[in-house]
Amino acid sequence: MLYWLTQLSEGGDFFNLFRYITFRAGGAFMTALIFGFLFGRPLINVLRRKQGKGQPIRDDGPEGHFVKAGTPTMGGLLIVGALVTSTLLWARWDNGFVWMILFVTLAYGLIGFADDYAKVSKQNTKGVSSKVRLLLGFVIAAIAGVWATFLQPELLQQRLAVPVFKEVLLHMGIFYIPFAMFVIVGAANAVNLTDGLDGLAIMPVMIAAGALGVIAYAVGRVDFTEYLDVHYVPGTGEILIFVAGLIGGGLGFLWYNAPPAAVFMGDTGSLALGGALGAIAVATKHELVLGIIGGLFVVEALSVIIQVLYFKRTGKRVFLMAPIHHHYEKKGWSEPQIVIRFWIIAVILAMVGLATLKLR
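Okay, so let's go over this structure. Residues take numbers from 1 onward in each chain, read along the sequence in its written order. At least 70 in pLDDT is required for a residue's local features to be given in this predicted model, at least 80 for side-chain atom pairs to be given and counted, and no such filter applies to totals for whole chains, interfaces and linings, which use all residues. To obtain the side-chain values, all non-hydrogen atoms of the structure were used and water was disregarded.

Things to note about the packing of aromatic side chains
Side-chain rings of Phe, Tyr and Trp, where Trp is taken by its six-membered ring, are said to pair if the distance between their centres is within 6.5 Å; with planes under 30 degrees apart they count as stacked, over 60 as edge-to-face, and otherwise as tilted. In the structure shown here, the tally under the stated rule is eleven aromatic pairs. Measuring from ring centre to ring centre gives 6.2 Å for Phe23 and Trp90, while their planes differ by 75 degrees; the resulting arrangement is edge-to-face. Of the two residues, Phe23 is situated in helix 1 (residues 21-51) and Trp90 in helix 2 (residues 76-90); the sequence distance between them amounts to 67 residues. For the exposure calls, accessible area comes from a 1.4 Å probe over protein chains only, and a residue counts as buried if that area is under 20% of its type's maximum, exposed if over 50%, partly exposed in between. For Phe23, a relative accessible area of 29% corresponds to the partly exposed category. By relative accessible area, Trp90 is classed as buried at 11%. Relative to Phe179, the ring of Tyr176 has its centre 6.3 Å away and its plane inclined at 50 degrees; by these criteria the two rings are tilted. Secondary structure counts use DSSP, requiring at least four H or I residues in a row for a helix and at least two E residues in a row for a strand, with both numbered from the N terminus.

And the structure:
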């Protein structure tokens, strides 16, 4: 919205700064951060009053989690509120990619909110039926996939870009939309599975989002794409403002989510943020790179899939408990050890993902 202030500029003055994506991204970051600090404690107080016993704890979970009983959930409202406010304030409203990603974020956030509400109101860990969640998730992802396709250049529509082999564009035809749906739904649920320890999910989300933000800015500039030899997608640079809002809001949330957490992100936040990562990857034609940058989330999801399939087949378990962060809890790792080591892994994977921009 503040981009409109450029109409007051005659060039070289203060209002001219609003033309620059990097300046507005900085503004979005600070807006979201301040939003988090201002509304964090009041929101936590409201959630604690409304939820009473807070998020229910699994009976079969690690023993150390029982001390967390009574901690309120739905803290994702703080992150989503911060990033939506900052994005609407600082991004250009005529950019279709921004609206597509906001749509996915808010829609998945609503699914997560319904799930969290069902859990705290019934005081059980089941929430909304997984089939209903998946169905709604796929419908939202289908809309986003079609939306992104129409926004992209004709050369890139229904095509899959391959990292490193940058001249390769796989034409998927009608199968591209189901693929995009899988990317978005998979990212949303993978982040959701990762959100099991204080601070575990939010920092890797911010790291992955930061890497995707750099990619979005790069592929949205023709001079950068020529240097990096990647495909040019006009308009994606504006996504950096959304990402800056996400990081600012994420840091504001982490202030209260740091061990011992005063509030949990809940499905409200994890589904919304995971869906956003998937939507950014689809928009920028870096769906496969998301698998590298978000490798931590991929491993968390795979650990659950492997555990379930192997148990159904043999009656035995591969991991002491899934997702895999609980396996290390069972092995005796402390919660801070797991969280910080997983953060380090997330940074390494993000750097590897970014390296694909220059590799040939």
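Things to note about helix 3 (residues 96-122)
With 27 residues, helix 3 extends 39 Å from end C-alpha to end C-alpha; this agrees with the ideal 39 Å at 1.5 Å per step. Polar contact is the term for a pair of N or O atoms within 3.5 Å; when the atoms are in protein, one must be able to donate a hydrogen and the other to accept it, and sequence-neighboring residues count only if both atoms are side-chain atoms. For helix 3, the side-chain oxygen to backbone nitrogen distance between the N-cap and Phe97 is 3.0 Å, and the N-cap itself is Asn95. Positive backbone phi, at 55 degrees, marks Gln123, one or two positions downstream of helix 3. Expected helix span is given by 1.5 Å per residue-to-residue step, counting one fewer step than there are residues.

Here's the deal with the side chain of Asp116
Within the secondary structure, Asp116 sits in helix 3. One buried charged side chain, Asp116, makes no salt bridge at all; its nearest oppositely charged neighbour is Lys119, positioned 4.8 Å away. Residues count as neighbours in contact if any of their non-hydrogen atoms are within 4.5 Å of one another. Those residues within four positions of Asp116 in sequence are excluded, and the remaining contacts are Thr73, Met74, Met265, Gly266, Asp267 and Thr268. Two residue types count as positive, namely Lys and Arg, and two as negative, namely Asp and Glu; His and chain ends fall outside the count. A side-chain nitrogen of Lys or Arg and a carboxyl oxygen of Asp or Glu constitute a salt bridge if their distance falls within 4 Å.

Notes on the environment of Glu238
Structurally, Glu238 is set in the loop between helix 7 (222-228) and helix 8 (239-257). Note on Glu238: relative accessible area 5%, which makes it buried. Remark: the alpha-carbon pair of Glu238 and Thr73, spanning 165 residues in sequence, is separated by 31 Å. In contact with Glu238, other than residues within four places in its own chain, are Ile21, Arg24, Trp90, Ala91, Arg92, Asn95 and Val98. Within polar-contact distance, the side chain of Glu238 engages the backbone nitrogen of Arg92 at 2.8 Å.

Quick word on the pattern of salt bridges
One pass over the structure, following the stated rule, counts eight salt bridges. We note a salt bridge from Asp267 to Lys119, for which the minimum N-O separation is 3.3 Å. Taken as a pair, Asp267 in helix 9 (residues 266-284) and Lys119 in helix 3 lie far apart in primary sequence, 148 residues in all. Residues Asp267 and Lys119 agree in their burial class; the two are buried. With a closest N to O distance of 2.7 Å, Arg221 and Asp223 form a salt bridge. We classify Arg221 as partly exposed; its relative accessible area is 31%. We classify Asp223 as partly exposed; its relative accessible area is 37%. Through salt bridges with shared partners, a single network forms among Asp115, Lys119, Arg133 and Asp267.

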